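# Structural characterization, general
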Amino acid sequence: MPTELEIRLAEFVDRDTEMSRFCGMLDSGTRSIMFVSGGGGYGKSSLLARMIHECALRDLRKSEITWSETQNHDYLGIMRRIRDDIGVEYFQNFTTVVNQFTDPSIRITVAANLSNIEVAHGLQMEGSTVGDVGGIIVKDNMFVVPKGDRSIPESERMIPLTVAFLQNLAAAALKIGPIAVFFDAVEKMTRETSAWVVGELFHAVQTGTLRNIFFVHCGREKPIVDRFVDSIAEEAELGPLKAEDIVLYLQKRGMKEANLDYAELLLVATKGNPLQIATLIDAVMKQRQKRT
Amino acid sequence: MSSFADFQRLIAQTTGADATVELLLLQMEPAAAKHFRLCAIPHQFDLSVFKLLMPEVEPVQAERRYQEFSCLSPVVNLTDALTLHDQARRFLFDQWLKENSSEFKMVSERLVKHFEKSGAVQNSYDYAYARRQRMFHMVGHDQSTGIEEFEKIFRDERIKGRLGECEALLALIREYDFILTQAHTSIVLYHEARLWFERRDWSHAEKLFRAVVAIDSLPQSYRIKSWNRIGLLFAKQRCWKDAILNLERAVRLAKESNDVQMLPFALHDLGTAYRDSGELDRSRRLLQESIHLAEKMQNTSCIAAAYNSLGTLERRGGDIRRGIEHYKTSLEYLRPLHDHLRTAQVYNNLGAAYADLGEWETSKEMYKKSLDLKTEAGDTIGLARTLSNLIPVYQHLFRLPDAIAAAEKATSIFETLRDPFSAAVATRNLAKIRRGTGTTAEIRANYLRAIELFRDAKDYDQAEATNKELYSYSRPVGMPGWYWTAIVFLLLVVVGFVAWHLLTAE
């Protein structure tokens with residue numbers, strides 16, 4: 001029996017241009033970021049699901065992060081999620097720094113050069129010490145709240161954590177091959193998180209600190225980026241479905257009789273919004289079920 | 001009847017974006033439609049939350065319905081839960097708010113209890129999620145308690161500097177805009193203004209605070225806080241006249257309404273504004289009044305802050321010993337609060353005061369205490385600042401290797417934390433210290449790096465000044481040409497004079 005995702009993927013119509021751009025990005029490697037934008041219900045998440053499926057077919061490592069009112073990932077949440085999706089074993093230094101900043105039982109050791117933060121010698125963790133980690137994976141204690149002191153600006157925690165994360169991510173991508181990272185519903189990101197994504201992650205790609213990593217950024221609008229980031233980015237603005245795509249969709253949903261007359265009616269009622277079309281077809285199906 | 005005619009008739013019923021959901025509900029059996037509408041109350045629902053929404057439904061039937069809903073187009077499948085698509089949820093949630101029915105309140109209450117029971121470990125992601133969800137549904141169940149809970153969480157996040165979390169909380173509470181009382185709306189707006197204050201966007205924060213004070217039903221304590229904040233945002237911009245005007249308004253209102261909680265803080269903030277604008281006597285009176293009132297209220301935190309401010313005031317007035325006494329009193333009050341960050345700041349001030357007196361050994365001890373506490377608190381930028389302060393102390397104690405080590409460490413931290421201006425100053429200081437002991441290559445490298453950092457910080461004047469310093473250092477030691485010409489000329493004059501003297505003597 002096909003899964004709900006498989007059914008949705010099979011019903012996918014149009015968006016071939018966007019998909020070929022995405023595949024081209026993976027093949028050539030000349031561009032590393034794709035901005036997908038479009039209004040509510042225009043099928044951004046469906047397109048993303050198809051891209052993720054493409055990555056699975058190509059056997060690429062991937063990470064998927066979706067924002068919602070309740071899952072509002074901050075910069076630390078994003079880094080932890082990418083680490084967990086890619087493989088915690090590649091992010092030991094980052095995890096150690098995270099624990100230093102968030103776990104009240106761990107004392108921070110500030111080294112002269114924070115880009116190589118000195119691991120807290122003597123720290124007891126999983127029956128071992130960080131000083132002799134060799135092969136043991138450092139466990140993230142997954143605290144969200146920083147230590148009890150007041151007023152240490154988030155930006156001060158952010159930089160050493162980001163530096164450690166980018167170093168580990170860059171090394172992981174060199175070791176395991178291309179990685180794809182998908183951000184969905186980014187319009188729900190907070191101002192601070194959005195600034196971090198553009199200013200740290202995308203900047204690292206643009207400057208070459210991160211290689212072999214592809215980002216797909218999906219939201220209502222394209223973020224404001226400088227021309228340097230723009231030069232390595234693909235853009236895809238999703239528009240309304242066309243009549244012929246609607247006919248194809250109706251047929252895939254089991255309305256074999258559907259033709260351009262049906263499509264024209266739907267276009268007038270929904271202005272080609274894919275979600276509204278799909279919801280209307282749900283209603284049609286319900287009506288038909290009632291009758292039978 | 002043809003299927004196209006049916007289709008046409010059905011489509012004719014849709015007008016507007018939300019009509020498609022309405023139409024879908026019309027085609028569902030009434031019980032299913034009611035259950036679908038209930039799904040819009042939580043942000044997302046797994047099977048356990050789904051069952052909670054409709055306790056009267058048999059578990060097996062609920063599971064079947066959950067499965068059925070998961071295949072509908074306006075339903076988004078998450079990894080372990082379902083959620084309605086944004087537009088559909090917004091439309092149905094607004095309908096609940098407009099009805100404001102007892103059913104909505106009852107469902108909200110059940111959700112409050114559900115998230116209350118969450119056994120998540122404190123400080124974990126699950127705990128933060130459950131706490132926010134509990135707050136959200138509390139607003140639906142009991143608005144006043146919900147708003148109180150919102151304020152508590154918002155304050156916690158703000159104090160920890162997690163401004164993104166504050167923004168996310170505001171987005172959650174805004175979903176209730178339609179039913180919030182005017183007083184609650186004004187409180188939410190006050191917190192939004194505070195967020196922009198923390199983001200240091202002074203003009204936007206001021207605009208929002210002014211909108212807050214314009215609301216008639218704003219509770220008086222928030223009116224006082226808002227005027228106080230308007231004053232503080234002017235103080236942050238060093239606009240003392242406007243700062244004092246608004247801070248005085250806050251003090252006047254606090255006195256009129258006998259707000260003994262807020263008054264000591266308002267007096268303190270006004271006192272520091274007068275101090276920084278140069279009116280030391282008036283500042284001293286206000287800070288003492290603040291201490292007096294805070295003592296009555298046993299507000300230890302305010303007393304500690306006021307003594308620290310008094311210490312700085314006395315230092316500025318030249319009475320450094322008195323300043324030191326006040327700093328020490330501040331430390332006494334901070335001790336039971338276990339506030340490492342502020343304690344470290346007071347020790348830093350003590351270090352500076354002893355340096356003013358030329359008591360270098362004591363100054364070094366105070367700075368060291370500050371360093372230890374800042375390391376403990378993870379205050380890395382504070383650490384770098386104290387290390388910078390330690391440099392002249394080590395120089396006066398003739399401990400040049402320690403001065404160089406402190407400067408190198410401070411430079412490295414400033415650079416890592418991307419504060420190019422502070423890094424540039426520290427690197428230039430490092431070059432100056434090394435002029436006594438270092439190699440030419442080291443000194444030149446430090447100067448060049450400082451110039452580069454000043455340029456990164458876009459301070460081109462300082463970059464130029466540093467360049468001149470480097471030039472004066474690099475130029476080979478020697479006397480200028482005109483100097484040699486003058487010496488030769490003088491020698492000729494002397495020789496001529498002696499020769500003439502000898503000749504005339506014969």
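Residues numbered from 1 in each chain as written. Chains lettered and ligands numbered in written order. Predicted model: local features only at pLDDT ≥ 70, side-chain atom pairs only at ≥ 80, totals over all residues. Heavy atoms only, no water.

### A look at the overall build of chain B
- In terms of helices and strands, chain B carries 26 helices and two strands.
- Along the first, second and third principal axes, the C-alpha set of chain B runs to 150 × 60 × 40 Å.
- Counting across all 506 residues of chain B, residues that qualify as buried make up 50%.
- Sequence-distant contacts, at least 24 apart, represent 55% of the contacts inside chain B between residues at least 6 apart. (Helix = DSSP H or I, 4+ residues; strand = E, 2+ residues; numbered from the N terminus. Buried < 20%, exposed > 50% of the residue type's maximum accessible area, 1.4 Å probe, protein only. Contact = heavy atoms within 4.5 Å.)

### Section: the sheet that holds strand β7 (residues 233-237) of chain A
Residues and elements named next belong to chain A.
- Taken in spatial order, the five strands make up an open sheet running β2-β5-β6-β1-β7, and their pairing is parallel. Two strands close off the open sheet at either side, each with one partner strand: β2 (61-66) and β7. Averaged over all neighbouring strand pairs, the angle between strand axes comes to 15°, with direction disregarded.
- Sheet analysis places β2 next to strand β5 (residues 179-184), joined by six bridges and oriented parallel. The residue of β5 that forms the bridge with Ile65 is Phe183.
- Each of β1 (33-37), β2, β5 and β6 (213-219) is contacted by helix α3 (residues 44-57), which is oriented at about 165° to β5, the strand it contacts most.
- Contacts between helix α4 (residues 75-86) and the sheet are confined to β2 and β5, with β2 contributing the most and set at about 145° to the helix. (Pairing = 2+ DSSP bridges. Axes fitted to C-alpha atoms, helices over the stretch in contact; angles between N-to-C directions.)

### Here we look at the side chain of Thr272 of chain B
- Considering the arrangement of structural elements, one finds Thr272 of chain B in helix α15 (residues 263-276).
- Those residues in contact with Thr272 of chain B, other than ones at most four positions away along the chain, are Leu287 and Ser309 of chain B.

### Observations concerning the packing of helix α22 (residues 400-416) of chain B against helix α23 (residues 420-437) of chain B
Residue and element names in this part refer to chain B.
- Where α22 contacts α23, the axes come no closer than 8 Å and their chain directions differ by 160°. Of the possible angle classes, the one that applies to α22 and α23 is roughly antiparallel. For the element pair α22 and α23, the recorded crossing hand is left-handed. Along the contact surface, α22 presents Leu400, Ala403, Ile404, Ala407, Glu408, Thr411, Phe414 and Glu415, while α23 presents Ser422, Ala423, Ala426, Thr427, Leu430, Ile433, Arg434 and Thr437.
- Residues belonging to the contact of α22 with α23 are distributed by class as follows: nine nonpolar, four polar and three charged. (Parallel < 35°, antiparallel > 145°, perpendicular 65-115°, else oblique. Left-handed = near helix turned anticlockwise from the far one by under 90°. Nonpolar A, V, L, I, M, F, W, Y, C, P; charged D, E, K, R; others polar.)

### Focus on the nonpolar core
- Membership of the largest hydrophobic core comes to 116 residues, with the highest contact counts inside it found for Leu250 and Leu266 of chain A together with Phe7, Met28, Phe36 and Tyr176 of chain B.
- Those residues within four positions of Phe36 of chain B in sequence are excluded, and the remaining contacts are Val21, Leu25, Met28, Phe69, Leu72, Pro74, Val75, Leu84 and Leu92 of chain B.
- Membership of the second largest hydrophobic core comes to 45 residues, among which are Leu76, Ala164, Leu166 and Ala185 of chain A. (Core = buried A, V, L, I, M, F, W, Y, C linked by side-chain atoms within 4.5 Å.)

### As for the confidence of the model for chain A
All names here are of chain A.
- The predicted model of chain A has a mean per-residue pLDDT of 81, with 77% of residues at 70 or higher.
- Across residues 107-135 the pLDDT falls below 50, and counting only partners more than four positions away or on other chains, this stretch makes 63 contacts in the model.
- When the criterion is pLDDT under 50, residues 145-151 qualifies, and its contacts beyond four places in sequence or with other chains add up to 26 contacts. (pLDDT = per-residue confidence, 0-100.)

### A closer look at the domain arrangement of chain A
Residue and element names in this part refer to chain A.
- When the domains of chain A are assigned, the result is domain 1 (16-101 + 154-237) and domain 2 (243-291).
- Each of domain 1 and domain 2 has a C-alpha centre, and these two points are 34 Å apart.
- With four residues of domain 1 at the interface, the matching set in domain 2 holds four residues.
- For domain 1, the biggest contributors to the area lost against domain 2 are Gly40, Gly41 and Tyr42; these three give 97% of the whole.
- Class assignment of the residues belonging to the side of domain 1 that touches domain 2 gives a composition of one nonpolar, three polar and no charged. (Domains from an automatic or database assignment. Buried area = accessible area lost by both parts, 1.4 Å probe.)

### Thoughts on a nonpolar patch on the surface
Residue and element names in this part refer to chain B.
- A contiguous nonpolar surface patch, about 570 Å² in accessible area, is contributed by Trp482, Tyr483, Trp484, Ile487 and Leu491.
- Along the polypeptide, Trp484 turns up in helix α26 (residues 481-505).
- Note on Trp484: relative accessible area 46%, which makes it partly exposed. (Patch = residues over 30% accessible without salt bridge, like charges linked within 9 Å, V, L, I, M, F, W, Y side chains within 5 Å. Areas by Shrake-Rupley, 256 points an atom, 1.4 Å probe, with all protein chains shown as cover. Salt bridge = Lys/Arg side-chain N within 4 Å of Asp/Glu carboxyl O.)

### A look at the interface of chain A and chain B
- Taken together, the 66 residues of chain A in the interface contact 70 residues of chain B.
- Summing both partners gives a buried area of about 6,200 Å² for chain A against chain B, and 57% of it is carried by carbon and sulfur.
- Between the two partners, chain A and chain B, sit five salt bridges.
- A salt bridge links Asp74 of chain A to Arg162 of chain B; the shortest N-O distance between them is 3.7 Å.
- For the side of chain A that touches chain B, the secondary-structure elements that each account for two or more residues are α1 (4-10), α4, α6 (154-176), α7 (191-207), α10 (260-270) and α11 (274-291) of chain A.
- With 14 residues, α11 of chain A is the largest single contributor of residues to the side of chain A that touches chain B.
- Here the side of chain A that touches chain B is composed, by residue class, of 27 nonpolar, 13 polar and 26 charged.

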